[in-house]
Amino acid sequence: SPQRKGKEAANAAMDAALSVNERILRDIAACYAEPGAGETAEPQLDPAALQPGKDKLMAICSKLGLSCIAPRRKINVMIVGNHSAGKSSYINWYCCEHVQTTAVAIETSGFSFCTSGKKRETLRGKATLQLFEHLRHDLKGFFPAIYPGLSTEVSTSKERCFNLVTFIDTPGLVDGSFHYPFPVEDIIVAMARHTDLIYVLFDPIGQALCDRTMNVIERLNEQHATKMRYFLSKADTVPLERDRQKVIVQITQNLSSRIRNKHAFELPSLYIPDKSSTGSRYEGDMGRYGEISLYIPDK
């Protein structure tokens with residue numbers, strides 16, 4: 001029919017606009033559920049309802065009483081660190097757009113999802129959960145307190161591999177009397193189940209001295225050690241190589257008592273070249289903030 005031919009032409013045009021990696025991720029996701037079907041409900045044991053050849057993997061697991069998490073069409077990268085460790089600045093650098101507010105004061109007080117889309121827009125609260133429905137099950141224990149702390153920034157940027165990545169910018173962690181409106185440590189651990197990589201940023205000032213940050217790292221490392229990558233951010237603020245080495249040693253010593261994967265441990269030094277201090281000896285040196293991108297495949 002003309003309507004069917006029109007739909008097929010539209011699908012062909014959409015396929016042509018996708019990169020090879022995007023088409024691969026789309027086809028993998030299609031093996032788990034029908035496009036637009038959303039998340040499968042809680043598993044309900046019902047083997048008699050199985051329809052071989054018709055059911056997708058999510059439906060099969062549900063009818064067998066098994067829990068199954070479908071892979072996302074994008075790589076999910078969660079960024080954790082002290083207040084003012086450079087988490088939001090890294091996201092802005094990666095997508096070459098000012099999607100996250102950065103300042104010396106605490107700017108990210110909630111969980112901000114940064115992803116690529118067809119138009120620039122901002123989503124709040126429940127709208128974020130509708131877009132990332134796979135998080136609903138693990139976060140429902142924090143409703144409704146978590147709603148004001150969820151937001152999504154949709155960018156049209158196609159820089160680097162941003163169209164294949166969703167960044168989760170977490171609240172800057174601080175000690176003392178600072179009050180979070182929700183149990184931030186528990187929520188970070190709950191979200192980690194749905195991430196592919198976890199970046200932990202340490203800045204030269206805060207280092208690994210924040211107890212709240214170290215507690216989160218210890219809990220994440222228990223279940224997600226292979227996902228975690230550690231970095232010293234804002235390396236250009238340390239003028240001497242000798243001082244930078246001391247900072248790295250101090251961070252490593254504090255981490256060694258908290259994490260298990262002590263072999264082949266790496267702590268690369270990073271900075272954003274455009275924001276580096278004039279005359280910094282690291283000027284023009286890195287691969288560094290480029291180095292953090294090596295963990296996300298290039299096109």
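Residues numbered from 1 in each chain as written. Predicted model: local features only at pLDDT ≥ 70, side-chain atom pairs only at ≥ 80, totals over all residues. Heavy atoms only, no water.

Asker: Looking at this structure, I do not really get the overall build of the chain. What am I missing?
Answerer: Per the secondary structure count, the chain includes 10 helices and seven strands. Among the 299 residues that make up the chain, the fraction classed as buried is 44%. Taking the intrachain contacts of the chain between residues at least 6 apart in sequence as the baseline, contacts between residues at least 24 apart amount to 74%. As presented, the chain carries roughly 15500 Å² of accessible surface, and 53% of it is formed by carbon and sulfur atoms. (Helix = DSSP H or I, 4+ residues; strand = E, 2+ residues; numbered from the N terminus. Buried < 20%, exposed > 50% of the residue type's maximum accessible area, 1.4 Å probe, protein only. Contact = heavy atoms within 4.5 Å. Areas by Shrake-Rupley, 256 points an atom, 1.4 Å probe, with all protein chains shown as cover.)

Asker: Explain the environment of Ile 259 here, please?
Answerer: Among the secondary structure elements, Ile 259 is positioned in the loop between helix H9 (241-256) and helix H10 (288-291). For Ile 259, the contacting residues outside a window of four places in its chain are Ile 217, Asn 221, Tyr 230 and Phe 265.

Asker: Even after reading the chapter, I still don't get the side chain of Glu 153, so can you show me in this structure?
Answerer: Structurally, the position occupied by Glu 153 is in strand E4 (residues 150-155). Under the relative-accessibility criterion, Glu 153 is labelled buried at 9%. A distance of 2.9 Å separates the side chain of Glu 153 from the side chain of Arg 120, its partner in a polar contact. Each residue touching Glu 153, except ones within four places of it in the same chain, is listed here: Val 99, Gln 100, Ser 112, Phe 113, Cys 114, Thr 115, Arg 120, Glu 121 and Thr 122. (Polar contact = N/O pair within 3.5 Å; in protein donor to acceptor, adjacent residues only side chain to side chain.)

Asker: What should I look at first to understand unusual backbone geometry in this one?
Answerer: Backbone geometry follows two general trends: most residues other than glycine have a negative phi, and most peptide bonds adopt the trans configuration. With an omega dihedral of -5°, the bond running from Phe 143 to Pro 144 counts as a cis peptide bond. Mapped onto the elements of the fold, Pro 144 is located in the loop between helix H6 (136-139) and E4. Positive phi, normally seen in glycine, also occurs at Ser 84, with a value near 65°. Given a relative accessible area of 25%, Ser 84 falls into the partly exposed group. With a phi close to 55°, Lys 234 is a non-glycine residue in the positive phi region. Topologically, Lys 234 is positioned in the loop between strand E7 (228-232) and H9.

Asker: Can you walk me through the nonpolar core in this structure?
Answerer: Nonpolar side chains in soluble globular proteins generally cluster together in the buried interior. Judged by nonpolar contacts, the single largest core of 41 residues is most densely connected at Phe 111, Ile 188, Met 191, Phe 202, Ile 217, Leu 220 and Tyr 230. Those elements that provide at least two residues to this core are strand E1 (75-81), strand E2 (111-116), helix H7 (184-192), strand E6 (197-202), helix H8 (211-224), E7 and H9. The dominant element in this core, judged by the number of residues it contributes, is H7, at seven residues. Filtering out sequence-adjacent residues up to four positions away, Ile 217 remains in contact with Val 200, Phe 202, Met 228, Tyr 230, Leu 255 and Ile 259. One finds Ala 85, Cys 95, Leu 197 and Tyr 199 within the second-largest nonpolar core, a separate group that totals 20 residues. (Core = buried A, V, L, I, M, F, W, Y, C linked by side-chain atoms within 4.5 Å.)

Asker: Quick question: what am I supposed to make of the pattern of salt bridges here?
Answerer: Once their charged atoms are close, side chains differing in charge can pair, the charge on each being opposite to the other. A complete count under the given rule lists seven salt bridges for this structure. A salt bridge links Arg 120 to Glu 97; its shortest N-O distance comes to 3.1 Å. Taken together, the residues span a long stretch of sequence, with Arg 120 in the loop between E2 and strand E3 (121-124) and Glu 97 in the loop between helix H4 (87-95) and E2 at a distance of 23 residues. For Arg 120, a relative accessible area of 36% corresponds to the partly exposed category. Through salt bridges with shared partners, one network takes in Glu 97, Arg 120 and Glu 153. (Salt bridge = Lys/Arg side-chain N within 4 Å of Asp/Glu carboxyl O.)

Asker: Quick question: what am I supposed to make of the confidence of the model for the chain here?
Answerer: Do not read the predicted coordinates in detail wherever pLDDT is low. Averaged over every residue, the pLDDT of the chain is 76; residues scoring 70 or more account for 73%. Below pLDDT 50 for its whole length, residues 38-43 participates in 16 contacts with residues either more than four positions away or in separate chains. Low pLDDT, under 50, characterises residues 277-291; the predicted model gives this stretch 34 contacts beyond four residues in sequence or across chains. (pLDDT = per-residue confidence, 0-100.)

Asker: Help me understand the sheet that holds E1 in this model?
Answerer: Two modes of strand pairing occur in sheets, parallel and antiparallel, and in both the strands are linked by backbone hydrogen bonds. Read across the open sheet, the seven strands follow the order E3-E4-E2-E5-E1-E6-E7; overall the sheet is mixed. Whereas interior strands pair on both sides, the edge strands pair on one side only; in this sheet they are E3 and E7. Each strand of the sheet is rotated relative to its neighbour by a mean of 20°, with strand direction disregarded. Contacts from H4 reach E1, E2, strand E5 (165-169) and E6, with the element oriented near 160° to E5. Contacting E1, E2, E4, E5 and E6, H7 runs over the sheet at an angle of about 30° to E2. (Pairing = 2+ DSSP bridges. Axes fitted to C-alpha atoms, helices over the stretch in contact; angles between N-to-C directions.)

Asker: Mind showing me how you'd approach the environment of Ile 187 here?
Answerer: For Ile 187, the position within the fold is in helix H7. When its relative accessible area of 0% is taken as the criterion, Ile 187 is described as buried. Along the primary structure Ile 187 and Asp 138 are separated by 49 residues, whereas in three dimensions their C-alpha atoms are 8.6 Å apart. If sequence neighbours within four positions are ignored, Ile 187 has contacts with Phe 111, Leu 139, Phe 142, Ile 146 and Phe 182.

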